[in-house]
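# Coordinate inspection notes
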Amino acid sequence: MKTVQISDHIWKCTTWIGFSISAWVVKSDEGLTLVDSGIPLMANGLKKCFKELQAPLKSIVLTHGHSDHVGGVKRIRDQYPVPVYVHETEIPYMEGKLPFPGRKKAEKLTEQGLVQPFDTNVLSAAGLTAYHTPGHSPGHTVFFHEQDGVLLAGDLFTSKRGRLNRPMPMFTSDMKQAVESGAIVKQLNPKRVSICHSGDVSITNAEEQYEEYVLQFV
Ligand SMILES: [Zn+2]
Ligand SMILES: [Zn+2]
């Protein structure tokens, strides 16, 4: 796993299994927050990252409930039994009560009751604000680290040649809604959009870059 410090408070940890999968570690005065947890084989690399940053892990927050974002939770919690948070809309899908929209079968990815709805106090202690950006999945959420100007965008986008690109169609339940949710970039005007399955995108003109993104689909 490759770990890169992308801003004062944020490290991006990426592994490659034919495509890349990332998770983020956010440091604050309170300790560490893990944003997404990748797949199970990333757990050891993430634990190594916590040790190197020499601060206690406080919580895990998830952009959404797909297996490549939730998969590391169990192994990490075996050693660090911290609370896990996600947008409340996402919980019944993760607990296997409902199939994600567009999928045939429900899949139980987390134990019932383990994952809780977001707690704004927990997020603000980490320096993060959550914004609901549905489309890729019903409860998809991005986290903005205002001080660093970094938007942790999960699967809201992919990127191509340094430009915003749409999320992977095969795994996106409502593409139209996902593209509309991408307008959060204009609203927040981050310096950097950090993306789970691709390289990050530098934002120099949010309005223009979002319009260019939308035009790809017309
Ligand atoms: Zn996803
Ligand atoms: Zn994903």
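Below you will find a few notes about this structure. (Residues numbered from 1 in each chain as written. Chains lettered and ligands numbered in written order. Predicted model: local features only at pLDDT ≥ 70, side-chain atom pairs only at ≥ 80, totals over all residues. Heavy atoms only, no water.)

### Topic: the overall build of the chain
In terms of regular secondary structure, the chain is built from eight helices and 14 strands. Relative to its length of 218 residues, the chain is compact, with a C-alpha radius of gyration of 16 Å against a globular reference of 17 Å. With the C-alpha coordinates aligned to their principal axes, the bounding extent of the chain is approximately 45 × 40 × 35 Å. Taken across its 218 residues, the chain has 53% of its residues classed as buried. Per element, the accessible surface of the chain, about 10400 Å² overall, is 48% carbon and sulfur. On the chain, the mean spot of the 23 positive side-chain charges and the mean spot of the 23 negative ones are 8 Å from each other. (Helix = DSSP H or I, 4+ residues; strand = E, 2+ residues; numbered from the N terminus. Rg over C-alpha atoms; globule rule 2.2 N^0.38 Å. Buried < 20%, exposed > 50% of the residue type's maximum accessible area, 1.4 Å probe, protein only. Areas by Shrake-Rupley, 256 points an atom, 1.4 Å probe, with all protein chains shown as cover. Lys, Arg positive; Asp, Glu negative; His and termini not counted. Charge placed at Lys NZ, Arg CZ, Asp CG, Glu CD.)

### Looking at helix α1 (residues 43–53)
Among the residues making up α1, those that are buried are Ala43, Leu46, Lys47, Cys49, Phe50 and Leu53. Take α1 and look down its axis: the buried residues cluster within an arc of 155 degrees, on one side only. Away from its buried face by more than 90 degrees, α1 exposes Asn44, Lys48, Lys51 and Glu52. Against β1 (2–7), β2 (10–16), β3 (20–28), β4 (31–35), β5 (57–61) and α3 (73–79) lie the buried residues of α1. Downstream of α1 by one or two residues, Gln54 has phi in the positive range, about 50 degrees. (Arc of directions from axis to C-beta. Contact = heavy atoms within 4.5 Å.)

### A few points about the coordination of the zinc ion (ligand 1)
Looking at the zinc ion (ligand 1), one finds its protein donor set to be His64 (NE2), His66 (ND1), His136 (NE2) and Asp155 (OD), positioned 2.1 to 2.3 Å from the metal centre. Written as a sequence motif, the donor residues of the zinc ion (ligand 1) are H-x1-H-x69-H-x18-D. Separating the zinc ion (ligand 1) from the zinc ion (ligand 2) is a gap of 3.3 Å, which Asp155 spans by donating to each of them. Pair noted here: His66 is in the loop between β5 and α2 (67–70) and His136 is in the loop between β8 (128–132) and β9 (141–145), with a separation of 70 residues, a long-range link. Considered together, His66 and His136 belong to a single accessibility category, that of buried residues. (Donors = N, O, S within 2.8 Å, 3.2 Å for Na, K, Ca; no water.)

### Observations regarding the packing of aromatic side chains
Taken as a whole and assessed by the stated rule, the structure comprises five aromatic pairs. Ring geometry for Phe157 against Tyr213: centres 5.0 Å apart, planes inclined by 80 degrees, an arrangement best described as edge-to-face. Taken together, the residues span a long stretch of sequence, with Phe157 in the loop between β10 (150–152) and β11 (158–160) and Tyr213 in helix α8 (residues 206–215) at a distance of 56 residues. In this structure Phe157 comes out as buried when scored by relative accessible area, which is 1%. Taken together, a centroid distance of 5.9 Å and an interplanar angle of 45 degrees make the contact between Tyr210 and Tyr213 tilted. Note that Tyr210 and Tyr213 are positioned in helix α8 at a spacing of three residues, about one turn of the helix. Taken individually, Tyr210 and Tyr213 each receive the classification buried, so the pair is uniform in this respect. (Phe/Tyr/Trp six-rings, centres within 6.5 Å; stacked < 30°, edge-to-face > 60°.)

### Some details on the pairing of β5
Counted residue by residue, β5 has four buried out of five residues, so it is predominantly covered. By the bridge criterion, four bridges tie β4 to β5 in an arrangement that is parallel. From the neighbouring strand, Leu32 faces β5, where its bridge partner is Leu57. In this view, the connection linking β4 to its parallel neighbour β5 by way of α1 has right-handed handedness. (Pairing = 2+ DSSP bridges. Right-handed = clockwise from strand over helix to strand, strands pointing away.)

### So, the sheet that holds β9
The strand order across the open sheet formed by five strands is β8-β9-β10-β13-β14, and the pairing between neighbours is mixed. One side of each edge strand has no neighbouring strand; the edge strands of this open sheet are β8 and β14 (201–202). As paired strands, strand β13 (residues 192–194) and β14 are joined by two bridges and run antiparallel to one another. Each residue of the ladder has a partner; that of Arg192, found in β14, is Ser202.

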